[in-house]
Each structure stands twice: as structure tokens, then as C-alpha cells.
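# Tertiary structure, described
What follows is the residue order along each chain.
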There are 2 protein chains.
Amino acid sequence: MFHVSEYEDFGLHADKYAINMAYAAWKMREGDQIRAFDLYYRHNPFQNGYGVFIGLERVVRYLSSLTFSEEDIAYLKEQEEGYEAGFYDVLRAFRFTGDVYAVKEGSYVFPNVPLMKVIGSKLQVYLIEAALLGFINFQTLIGTKAARIRHVAQTETLLEMGLRRAHEADASIWGARAAYLTGFDATSNMRAGKWFGIPTKGTMSHAWVQDGDELEQFRKYAQVHRDNFTPLVDTYDTLRSGIPNAIIVAKELEGLGHRMKDVRIDSGDLAYQYFNGRAMLDDAGLGYSGMIASGDLDEQLIVSLKNQGVKYDKFGIGTKLSTAYDQPSLGGVYKLVAKEEDGVWIPTIKISGTPEKVSTPGNKAYYRIFEKETGKYAGDYITLHDEIIDPSEPLTLYDPQHTFAKVMKPHHYEVQPMLQPIFKSGQQLITLPSLTDSRQYHAQEKLKFWSEYLRTINPARYRVSLSDKLYSTKQKMIQERVDR
Amino acid sequence: MFHVSEYEDFGLHADKYAINMAYAAWKMREGDQIRAFDLYYRHNPFQNGYGVFIGLERVVRYLSSLTFSEEDIAYLKEQEEGYEAGFYDVLRAFRFTGDVYAVKEGSYVFPNVPLMKVIGSKLQVYLIEAALLGFINFQTLIGTKAARIRHVAQTETLLEMGLRRAHEADASIWGARAAYLTGFDATSNMRAGKWFGIPTKGTMSHAWVQDGDELEQFRKYAQVHRDNFTPLVDTYDTLRSGIPNAIIVAKELEGLGHRMKDVRIDSGDLAYQYFNGRAMLDDAGLGYSGMIASGDLDEQLIVSLKNQGVKYDKFGIGTKLSTAYDQPSLGGVYKLVAKEEDGVWIPTIKISGTPEKVSTPGNKAYYRIFEKETGKYAGDYITLHDEIIDPSEPLTLYDPQHTFAKVMKPHHYEVQPMLQPIFKSGQQLITLPSLTDSRQYHAQEKLKFWSEYLRTINPARYRVSLSDKLYSTKQKMIQERVDR
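- Naming follows an unreviewed UniProt entry, where chain A appears as Nicotinate phosphoribosyltransferase of Paenibacillus abyssi.
- Per UniProt, the comment on chain A under Catalytic activity (unreviewed entry) is "5-phospho-alpha-D-ribose 1-diphosphate + nicotinate + ATP + H2O = nicotinate beta-D-ribonucleotide + ADP + phosphate + diphosphate".

Here it is, written out as C-alpha cells:
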């Protein structure tokens with residue numbers, strides 16, 4: 001369900017500085033110079049041990065549809081910068097013609113690894129910066145949050161219900177997709193269902209129950225949705241009224257050969273109501289009915305509920321997931337790493353007073369090292385793009401922050417290239433996997449990581465090493481700057 | 001720049017429970033029953049003293065364009081609920097035919113006041129819930145955050161630069177609009193500029209500077225953008241390299257009859273770099289050049305910088321504003337408040353174990369009380385919709401949480417109706433004001449509030465009173481529930 005028309009208006013989905021730089025490059029006759037940019041983030045969100053890369057589908061749709069409309073051109077003509085006419089002709093003819101490499105959607109990723117590498121003319125790589133960052137930052141953030149919730153929820157069904165709290169319409173559908181990719185089971189968002197084929201679930205609101213006598217309102221709903229009767233039992237009083245009324249209607253449904261699915265509790269003490277509510281349902285012979293909890297849930301609260309012995313069958317998660325409430329920004333960046341001059345790649349670096357903000361220079365390759373004996377990943381390995389790794393040679397992987405500590409030397413290992421070529425000279429090279437396939441890929445990858453990287457509190461730090469050549473290139477460039 | 005086509009796909013921008021309830025109501029032949037819903041929030045965000053209502057423009061565009069496409073219908077047919085064919089015909093013919101009342105965009109608003117009142121058939125009022133909440137929750141949140149930043153920044157120019165961190169594309173443009181409405185001066189987001197006429201600003205990125213020798217890169221930029229030269233001076237070393245190079249180019253520009261506009265510092269110690277950078281510019285005779293600070297700024301950091309005597313001319317604000325970082329959700333709700341039966345409005349209530357979650361029943365009117373002597377607002381006053389206020393009679397306004405405390409009895413006062421009729425039977429009654437007018441309205445309203453409500457830390461609580469009749473209706477309904 002991808003309509004190119006959705007992207008017709010995305011020419012100016014860009015920061016003004018990008019247009020101004022594209023124009024300046026064009027005016028200086030440098031617009032065609034080829035540059036390489038890396039897209040990466042510096043810290044895992046939520047103090048998690050990893051991120052989950054998501055957003056590529058959106059990026060591919062955007063890049064393959066990107067044009068500047070006459071409306072865009074007319075608007076640019078009003079700007080104070082006073083661009084020359086020839087620049088508008090360049091924009092009118094614009095199609096993305098660069099190369100893009102990216103990690104697969106659903107991959108486990110880590111700080112300072114290249115999630116995407118973009119190679120193209122200055123004019124092009126400048127213009128697409130904010131769009132790429134906006135898409136990847138948001139979807140990776142939500143996917144990672146959802147993965148944390150999936151990790152602690154283990155077997156329970158997880159429903160994404162954040163449409164009304166997500167930051168506007170686009171975030172609601174792409175967030176629903178990200179959550180499904182990393183392990184949620186369904187969404188309440190019908191448009192996300194339509195666009196992406198995500199299963200949708202929904203029951204009733206307090207307004208339905210308030211509209212009349214609670215028992216009558218339950219009856220009406222059950223009469224219409226006999227096989228999808230999931231009463232919301234907390235409108236007035238869960239234990240004195242909601243669940244007793246739900247039981248009455250469930251018994252009536254039984255008489256008609258149907259079964260109540262679940263009762264939903266959306267407020268109040270979720271543990272107390274669970275224990276008492278579960279007992280009431282069981283005593284009434286409704287052991288088959290599930291229970292759904294919702295209302296400001298997140299991974300911490302789920303752990304706490306389970307720790308108390310509470311066993312909801314399903315969790316409905318809204319605000320805390322769909323806004324990434326405890327850290328609503330990933331902070332991914334897009335940095336110039338190399339310039340092509342006469343067919344040779346010249347690395348570039350961004351120095352900063354903050355050491356962690358110093359970029360890693362160079363046109364790179366990015367690998368994941370799979371240890372055959374254990375069936376687990378030993379770490380990631382980043383090289384310059386033209387280095388060759390010989391898997392028969394020993395390899396040393398370091399902790400990224402304390403290179404002296406936790407050194408790992410895998411013996412029998414496989415080298416998995418992480419960056420897939422997606423576009424070559426603007427031509428899309430591969431068909432992206434279906435959402436179901438990406439979801440499955442994500443789930444299977446999880447089995448290849450040691451559990452210490454996956455826990456939601458105090459995870460171990462995964463090894464990400466630079467090759468000796470890349471490491472010394474970086475150190476040399478830093479030293480050159482210091483020596484000036 | 002409002003294209004109806006943008007909304008063609010918004011039929012299913014809804015939660016599944018809404019569709020299921022609309023279907024159940026239709027099936028029970030209750031779909032045409034008329035209901036009233038209030039949209040409100042329970043707590044000011046960011047521990048602020050007020051919210052700024054924004055989102056109405058988006059709601060009006062949505063409601064006036066809302067239809068269900070054949071694609072939507074086809075998708076609904078796949079759902080497990082098995083809707084009857086007649087329901088699809090209802091959706092095919094769907095146009096919004098309800099009444100909508102709303103506070104003006106840019107208004108100062110408070111917890112538990114009706115920001116919007118929607119009256120319509122059950123089928124209609126159910127279907128639009130999540131869309132309305134999503135739009136209002138987000139835009140009100142960002143507008144309120146921006147108002148806080150404007151309040152502490154006072155005279156400095158404020159630039160919204162959050163495109164790459166906003167939660168996807170829609171949030172970036174509607175967030176830019178909200179920030180402009182409550183006092184930001186410009187955005188970096190070109191699409192937001194095109195859509196809404198917001199002034200746009202942009203300079204250069206680190207990538208531009210890294211691309212070669214810093215001085216040469218500044219020169220190139222200045223050569224093209226002579227009157228818009230705003231060098232980013234922190235790529236390598238602000239004080240040893242960035243500002244000295246900026247000064248060289250500024251002097252060259254002076255020779256050509258142009259002036260450097262600003263230097264921008266995006267990282268590091270913003271106070272230390274200000275003091276030294278300012279002195280260097282002044283010593284070089286560039287007192288006319290401004291300075292821009294950016295990099296994870298928010299209202300707290302701005303207050304701290306000013307407290308240190310730092311005097312940047314402009315602040316560029318991204319992540320902390322555009323994601324509402326410290327509280328990324330407003331938590332607005334949409335609650336059934338009254339049912340129409342034989343032309344009479346019957347109030348409904350939602351009870352909750354959490355006292356603050358008990359809704360205020362009834363089809364209401366909402367007023368702001370303007371005290372003539374002081375030229376300030378004394379408080380807000382909510383009544384049942386058919387009550388009449390006689391401004392020659394004394395009025396008592398209470399603190400909303402401690403009704404015994406801070407009682408206020410304005411003598412000479414004006415009663416300003418807060419809820420404007422926007423739609424009547426689906427017909428739009430008024431043309432919404434331009435963004436510039438709403439921005440001006442917001443700025444002027446600020447003068448009518450005592451400063452104790454406006455400060456960003458520990459603001460006083462503004463009075464919001466229920467009329468005696470409304471208050472006793474609510475208490476009676478709560479008591480009836482307790483007595484069951």
C-alpha cells in the first residue's frame with residue numbers, strides 16, 4: 001500500500017541550511033563532488049544494551065519518490081537568499097542518484113556503528129539529511145522501546161494502543177509498525193493495519209459503558225460482537241460492578257454458544273483487581289476468559305506486576321511506548337566521513353571538545369562476527385571499505401569504551417557484512433523484505449545474542465571494534481588536529 | 001496551502017474500538033442518537049501554570065475532508081468482526097455532520113476546562129476520537145513548551161530546529177507551527193515554511209566546514225550567501241580556529257559592503273565560548289555581529305545562561321522543544337458528558353478510584369472572567385450550557401483544588417465565552433484566523449494574565465470554578481454512584 005503521491009510534498013522536508021548549502025555547492029561548481037556520510041547514534045536509548053534499526057522502508061519510499069514540485073520551486077523563489085534560476089532547473093530535474101547502504105530493518109545495532117552509509121553528490125547528500133534522520137531516529141527509538149517491553153513480557157500478547165498520544169499522524173502509523181516489527185502482536189490503529197497489514201484489535205471505550213446501564217451496554221455490545229466481546233470493566237467499579245456484569249453477559253453468551261474473550265482493566269490498582277477479578281472469573285467457570293491490563297504501562301511496571309505474581313494475558317501499551325516517554329529522542333546523527341577525489345577516498349573527521357562526539361573517519365565497511373562454537377555473536381567489527389578480513393586469521397575484538405578490558409579473540413568465526421547495498425546510482429537494488437519477514441528476522445537474531453546484552457537493566461556492553469587500520473587512521477587525524 | 005487530498009487517507013485514522021462501537025451502535029439502531037463529548041486535559045504539562053490550546057486548524061481540515069475510501073472499505077471487509085454490508089454504505093456516504101465548539105488557537109487554557117465540545121451522532125463522535133486527541137494533544141504540548149521558552153528568553157530571537165528529532169514528518173511541521181504560534185520567530189523546516197508561511201532560517205552544517213580548510217569553507221559560503229553569512233564556528237575549535245576564521249571572512253565581506261550576520265556555536269561550554277567569542281568579535285570591530293547558541297537548549301538552560309550574564313542574540317532549539325523532551329505527552333482525553341433524549345440533555349459521568357479522574361458531567365458552557373479594574377483575568381467559569389450569567393450580579397471564583405482557599409469575587413467584570421462554534425451540522429461556520437493573527441492573539445492574551453500564573457517554576461494556580469448548578473449536578477451524580 002505505497003502511494004508515491006504521499007511523497008509528492010516531501011521535496012522541502014529538509015532544513016533550510018541543507019538547501020542553502022546545496023545552493024552554495026552548486027554555485028561554486030562543487031555540487032557534483034562525491035561525499036560519503038554515515039548515519040549513527042552515540043548512545044543506546046533507555047540505557048538499553050542495544051538499539052533495533054528501523055526506518056529503512058520509509059527511507060526507501062522517500063528516496064525513490066523524491067522530487068521538487070513547482071509549488072516547492074515557487075516557494076523557494078520567495079526566500080531571502082535569492083537563488084539563481086539555474087538552481088531551480090537542477091531541482092526540477094532532481095532524482096536521487098546516490099548509493100545507499102543500510103543495516104537490515106530489525107537488526108540489533110550499537111552506538112557508533114554505521115546504520116546507513118550514503119554516497120552521492122554534495123547537492124544530493126545535503127538535501128536528504130533531515131528526512132533520513134527524522135525517519136530513522138523515530139522508528140529506531142520506538143522499535144527499541146517495544147523490544148524492551150517484549151523482552152520482559154515474554155509470552156504475553158502485546159497490543160500497541162498509542163494512536164491518541166503519538167506525536168501526530170505519521171508517528172502513529174510508523175510507530176505501530178516499529179512496535180510490531182520488534183514483537184508486539186497487534187495495534188489499535190486501523191490505518192497502520194491497512195498500510196502495513198498489522199493485525200488490529202479493539203474493544204470498547206468508557207463512553208460506550210457510560211452511555212447507559214453498564215449491564216445493558218455490555219449486552220448490546222455482546223449482541224453485535226459475539227465472538228469479540230471484551231468488556232471494559234473499570235468504568236464504575238471493577239470488582240463490584242464491572243466484572244459481575246461481564247460474568248452475567250458471558251454466561252448469556254455461553255448459552256448462545258459463544259465465549260467472552262477477555263475483560264479489560266484500564267485504571268486503578270492493576271494487581272489487586274487482577275487477583276480478585278481472576279478469582280471471580282474462575283469461580284464463575286470462566287477460566288477461559290483472558291484479562292487485559294492497560295493504562296500507562298511500560299517495561300518497569302510489567303516487571304513489577306509479574307514480580308507480584310500477577311498474570312494478565314495481554315497488555316495494552318500506549319503513551320509510554322508510542323512517545324518513548326522516558327527518552328523521546330534517539331539523537332542519531334549524519335556525518336561527513338569521506339571525500340572522493342580522483343577515485344580515492346579521503347577520510348574526514350569532526351573534532352569536538354566532548355571526546356565521544358569525535359566522529360570516526362573514512363568510507364567504511366561494517367561486519368558482525370559470528371562465533372561458530374557458541375552460535376552467538378562475539379562482537380562487531382568496522383573497517384575501511386577496502387580492507388579484507390581473512391576468517392582463518394585470528395581477530396581481536398575490544399570493548400568500545402575500555403579497549404584494555406574484555407578483549408575477545410574468536411577462533412572459528414564467520415564474518416557477516418552488515419551494510420546491504422540498497423541503491424546504486426539511484427537504482428533500487430533489492431526489494432525490501434515484508435514486514436512479517438523483518439519481524440521474524442528480528443526474533444531470530446535475538447537468539448544469537450548472549451542474554452547479558454539483552455536484559456533491560458544494567459546490560460553488558462557489546463564489543464564494537466575498529467580494525468587496526470581504521471583505529472590508527474582516526475588517532476592520526478585527531479593528533480594532526482591537536483598539533484595545529 | 002491546504003490540499004484536501006492530504007486527508008484522503010484519514011478515514012481509518014482511528015482506533016479499532018471506535019469502528020467496532022460505531023458498528024455496534026449502528027447495528028442496534030442507536031447510531032443516530034446524539035451525544036456530547038468534552039475534550040480536556042487533567043494536568044498542565046511541564047508543571048506549567050497553563051497550557052496553550054493549539055491544533056484546531058488541523059482538526060478543521062480533518063473534519064471537513066473526512067471520508068472513507070473504497071480502499072478503506074475493502075480493508076474493513078477483511079476484519080474479523082464481519083460487519084454487515086449496510087454499514088459500509090453508511091461509511092461510503094460519510095460526511096461529518098456534527099457540531100463542534102472550540103477554544104481559539106493560542107488561548108491560555110487550564111486543567112479540566114473543555115477545550116473542545118463535540119456534539120453529534122454516536123456513530124460520528126466515536127469515529128473521530130483518536131484523530132482529535134492526537135492532533136490536540138501534540139500541538140498543545142509543543143505550543144506550551146514553546147511558550148515557556150519564549151517566556152524566559154524574553155527578547156531573544158528563537159529558532160525552531162527540531163526537524164530531525166521530531167517524531168516523524170507530520171510532527172515536524174505541526175510542531176513548527178505550534179512553536180511559531182506561541183512566540184518562536186522562525187523555523188529551519190522548509191516544508192513548515194511553505195505550508196504555513198513561517199519565516200525560515202538556516203546556515204551551514206559541520207559537514208560544510210569539514211569539507212575542506214575551515215577558512216576556505218567559510219569563504220566559499222560567504223561568497224555565495226553574502227548577506228546571510230552565519231558561520232558555524234565549533235567544528236574544530238571555536239576560539240582558536242572558528243571565530244578567528246569567521247572574523248577574517250567578516251572583514252573581507254566588509255570590504256565588499258556586506259556584514260556577517262551571526263556566528264553559531266552548537267556544542268561545548270556555551271557560557272565560556274560566549275564571553276571569549278563576544279570579546280574577540282567586539283575587539284575586531286564586529287560588534288554588529290550576533291551570536292547564536294544551539295545544542296540541547298531548553299528553558300532551564302536559557303535561564304542558567306542568562307543568570308551567568310551570557311547574552312546570545314538568538315537561540316536555536318531542537319530536541320527539547322520538538323519532542324517535548326521532559327514530558328512528551330499531554331494526556332488529553334475525550335469523554336462522554338451528556339446524552340440528548342427528546343431534546344433534553346442528560347448529563348453522564350465517569351467515576352474513578354482516582355478522584356481527579358472523575359469527569360464533570362453535562363453539556364457545558366465555558367467562560368473567562370475579565371476584571372475591568374485590573375485589566376486581568378480573574379478566573380474561568382464553567383456552567384451548564386443553558387445557564388445565564390448576569391454580570392451585574394456578584395460572582396464567586398474558587399481555586400479548583402482547594403475550594404475554601406483563594407476565593408475571588410470580582411465586582412466589575414466581563415464574561416467572555418471561550419467556546420466558539422466552529423461547525424454546525426457539519427457546516428463550517430467561521431474562517432479560522434491566519435497563523436499570524438493567532439500568534440498575535442496569543443501574545444496579546446498574555447498581557448491579561450497576572451505574572452504569577454506565567455512563571456515557569458512554581459506558578460500560582462489559576463482559578464477555574466464550576467457554577468453552583470454544575471457543581472451540585474456533579475456532586476449529586478457522584479453520590480448516586482456511591483449509594484448503589
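## Examining the overall build of chain A
- Looking only at helices and strands, chain A has 16 helices and 18 strands in total.
- When its C-alpha atoms are laid out on the principal axes, chain A stretches across 80 × 60 × 40 Å.
- Taking all 484 residues of chain A together, 64% fall into the buried category.
- Residue pairs in contact within chain A that sit at least 24 positions apart in sequence constitute 74% of those at least 6 positions apart.
- Just so you have it, chain A exposes about 17,700 Å², and 49% of that area is on carbon and sulfur atoms.
- Positive and negative side-chain charges in chain A, numbering 57 and 62 respectively, have mean positions lying 3 Å apart.

## Re the sheet that holds strand β13 (residues 364–371) of chain B
All names here are of chain B.
- Within the open sheet, the four strands sit side by side as β15-β13-β14-β18. Their pairing is mixed. Pairing within the sheet leaves two strands with one partner each, and these edge strands are β15 (413–417) and β18 (464–466). Across the sheet, the axes of successive neighbouring strands diverge by a mean angle of 30°, strand direction being ignored.
- Those strands touched by helix α16 (residues 468–483) are β13, β14 (376–384) and β18, and its axis lies near 50° from that of β14.

## Comments concerning the relation of the copies chain B and chain A
- Of the transformation superimposing chain B on chain A, the axial component is 0.0 Å and the angular component is 180°, with the fit at an RMSD of 0.0 Å. Here the copies are linked by what is in effect a two-fold axis.
- When the interface residues of chain B are mapped onto chain A, 100% of them again fall at the interface, so both copies present the same face.

## Some words on the UniProt feature "domain: Nicotinate/nicotinamide phosphoribosyltransferase" (unreviewed entry) in chain A
- In the numbering used here, UniProt assigns the "domain: Nicotinate/nicotinamide phosphoribosyltransferase" (unreviewed entry) feature to residues 158–328 of chain A.
- A distance of 21 Å separates the end C-alpha atoms of residues 158–328 of chain A, which is 48% helix and 11% strand.

## Looking at the interface of chain B and chain A
- Contact with chain B, which involves 103 residues of that partner, is made by 103 residues of chain A.
- Where chain B touches chain A, the interface holds 24 salt bridges.
- Among the salt bridges present, the one from A:Arg164 reaches B:Asp15, with a minimum N-O distance of 2.9 Å.
- For the interface between chain B and chain A, the tally reads 62 residue pairs in polar contact (both at pLDDT 80 or more).
- Here the residues of the side of chain B that touches chain A are counted per class, giving 41 nonpolar, 33 polar and 29 charged.

## Some thoughts on the packing of helix α10 (residues 214–224) of chain A against helix α11 (residues 238–255) of chain A
All names here are of chain A.
- At a minimum axis distance of 9 Å, the contact between α10 and α11 shows a crossing angle of 40°. Here α10 runs over α11; the crossing is right-handed. Residues Glu214, Leu215, Phe218, Arg219 and Ala222 of α10 pack against Ser241, Gly242, Asn245, Ala246, Ile248, Val249, Glu252 and Leu253 of α11.
- Here the contact of α10 with α11 is composed, by residue class, of seven nonpolar, three polar and three charged.

## So, the packing of aromatic side chains
- Using the criterion set out here, one finds 60 aromatic pairs over all chains in the structure.
- Where A:Tyr23 meets A:Phe87, the ring centres are 5.0 Å apart and the plane angle is 70°; that geometry is what we call edge-to-face. Of this pair, A:Tyr23 sits in helix α1 (residues 16–27) while A:Phe87 sits in helix α4 (residues 85–92); the two residues are 64 residues apart in sequence, bridging distant segments of the chain.
- Residue A:Tyr23 is classed as buried on the basis of its relative accessible area, which comes to 3%.
- An aromatic cluster of three or more residues is present, and its members are A:Tyr50, A:Tyr108, A:Phe110, A:Phe370, A:Tyr377, A:Phe449, A:Tyr453 and A:Tyr462.
- Its guanidinium or amino end placed over the ring of A:Tyr88, A:Lys77 lies 5.4 Å from that ring's centre, counting from NZ or CZ.
- The aromatic ring of A:Tyr236 is capped on one face by B:Arg481, whose charged end is 3.5 Å from the ring centroid.

## As for the domain arrangement of chain A
- On domain assignment, one finds that chain A holds domain 1 (4–142 + 328–483) and domain 2 (203–317).
- Computed from C-alpha coordinates alone, the two centres of domain 1 of chain A and domain 2 of chain A are separated by 46 Å.

## Focus on the side chain of A:Lys339
- Positionally, A:Lys339 belongs in strand β11 (residues 333–341).
- A residue is classified by how much of its surface remains accessible, and A:Lys339, at 12% relative accessible area, is buried.
- Of the polar contacts made by the side chain of A:Lys339, one reaches the backbone oxygen of B:Asp211; its length is 2.5 Å.
- With residues up to four places along the chain from it excluded, the contact list for A:Lys339 reads A:Ile34, A:Arg35, A:Val344, A:Trp345, A:Ile346, A:Thr348, B:Asp211 and B:Gly212.

## Thoughts on the environment of A:Tyr221
- Within the secondary structure layout, A:Tyr221 lies in helix α10.
- It is 31 Å that separates the C-alpha atoms of A:Tyr221 and A:Lys306, two residues lying 85 residues apart in sequence.
- If near-sequence neighbours (up to four positions away) are discounted, A:Tyr221 is found in contact with A:Gly202, A:Thr203, A:Met204, A:Trp208, A:Asn228, A:Phe229, B:Asn20, B:Met21 and B:Ala24.
- A distance of 2.5 Å separates the side chain of A:Tyr221 from the backbone oxygen of A:Thr203, its partner in a polar contact.

## Focus: the pairing of strand β5 (residues 116–121) of chain B
Residue and element names in this part refer to chain B.
- Judged by how many residues are buried, β5 sits mostly within the fold: six of six residues are covered.
- With six bridges joining them, strand β1 (residues 34–40) and β5 adopt antiparallel strand pairing. Directly across from Arg35, in β5, lies its bridge partner Gly120.
- Both strand β3 (residues 99–102) and β5 contribute to a ladder of four bridges, which runs antiparallel. What sits directly across from Val100, in β5, is Val118.

## Structural notes on the nonpolar core
- Among the nonpolar cores identified, the biggest contains 290 residues, and A:Tyr62, A:Met116, A:Leu132, B:Tyr62, B:Met116 and B:Leu132 are the most heavily contacted of them.
- Once you skip the residues sitting within four places of it in the chain, B:Met116 turns out to touch B:Phe37, B:Asp38, B:Leu39, B:Phe53, B:Leu56, B:Val59, B:Val100, B:Tyr101, B:Ala102, B:Leu132, B:Ile136 and B:Leu419.

## Notes on the packing of α11(A) against helix α12 (residues 270–283) of chain A
Residue and element names in this part refer to chain A.
- Contact geometry for α11 and α12: axes closest at 10 Å, N-to-C directions at 35°. The handedness of the crossing between α11 and α12 comes out as right-handed. Between α11 and α12, the contacting residues are Thr238, Leu239, Ile243, Pro244 and Ile247 on the first element and Tyr272, Gln273, Asn276, Gly277, Met280 and Leu281 on the second.

## Considering the sheet that holds strand β10 (residues 314–317) of chain B
Residue and element names in this part refer to chain B.
- Taken in spatial order, the five strands of this open sheet run β7-β6-β10-β9-β8, and their pairing is parallel. Both outer strands of the open sheet, β7 (186–187) and β8 (262–265), are each paired with one neighbouring strand and no more.
- With two bridges connecting them, strand β6 (residues 157–160) and β7 associate as parallel partners. Within β7, the residue paired with Leu159 across the bridge is Ala186.

## Section: the pattern of salt bridges
- Tallying each qualifying case throughout the model produces 78 salt bridges over all chains.
- Residues B:Asp282 and B:Arg278 are paired through a salt bridge, measuring 3.0 Å at the closest nitrogen-oxygen approach. Pair noted here: B:Asp282 and B:Arg278 are both in helix α12 (residues 270–283), with a separation of four residues, about one helical turn.
- When salt bridges that share partners are traced, they join A:Asp9, A:Glu71, A:Asp72, B:Arg191 and B:Lys194 into one network.

About the thresholds
Residues numbered from 1 in each chain as written. Chains lettered and ligands numbered in written order. Predicted model: local features only at pLDDT ≥ 70, side-chain atom pairs only at ≥ 80, totals over all residues. Heavy atoms only, no water. UniProt positions renumbered as here; feature names shortened; annotations may be inferred. Helix = DSSP H or I, 4+ residues; strand = E, 2+ residues; numbered from the N terminus. Buried < 20%, exposed > 50% of the residue type's maximum accessible area, 1.4 Å probe, protein only. Contact = heavy atoms within 4.5 Å. Areas by Shrake-Rupley, 256 points an atom, 1.4 Å probe, with all protein chains shown as cover. Lys, Arg positive; Asp, Glu negative; His and termini not counted. Charge placed at Lys NZ, Arg CZ, Asp CG, Glu CD. Pairing = 2+ DSSP bridges. Axes fitted to C-alpha atoms, helices over the stretch in contact; angles between N-to-C directions. Least-squares fit on C-alpha atoms with pLDDT ≥ 70 in both. Salt bridge = Lys/Arg side-chain N within 4 Å of Asp/Glu carboxyl O. Polar contact = N/O pair within 3.5 Å; in protein donor to acceptor, adjacent residues only side chain to side chain. Nonpolar A, V, L, I, M, F, W, Y, C, P; charged D, E, K, R; others polar. Left-handed = near helix turned anticlockwise from the far one by under 90°. Phe/Tyr/Trp six-rings, centres within 6.5 Å; stacked < 30°, edge-to-face > 60°. Lys NZ or Arg CZ within 6 Å of the ring centre and 35° of its normal. Domains from an automatic or database assignment. Core = buried A, V, L, I, M, F, W, Y, C linked by side-chain atoms within 4.5 Å.

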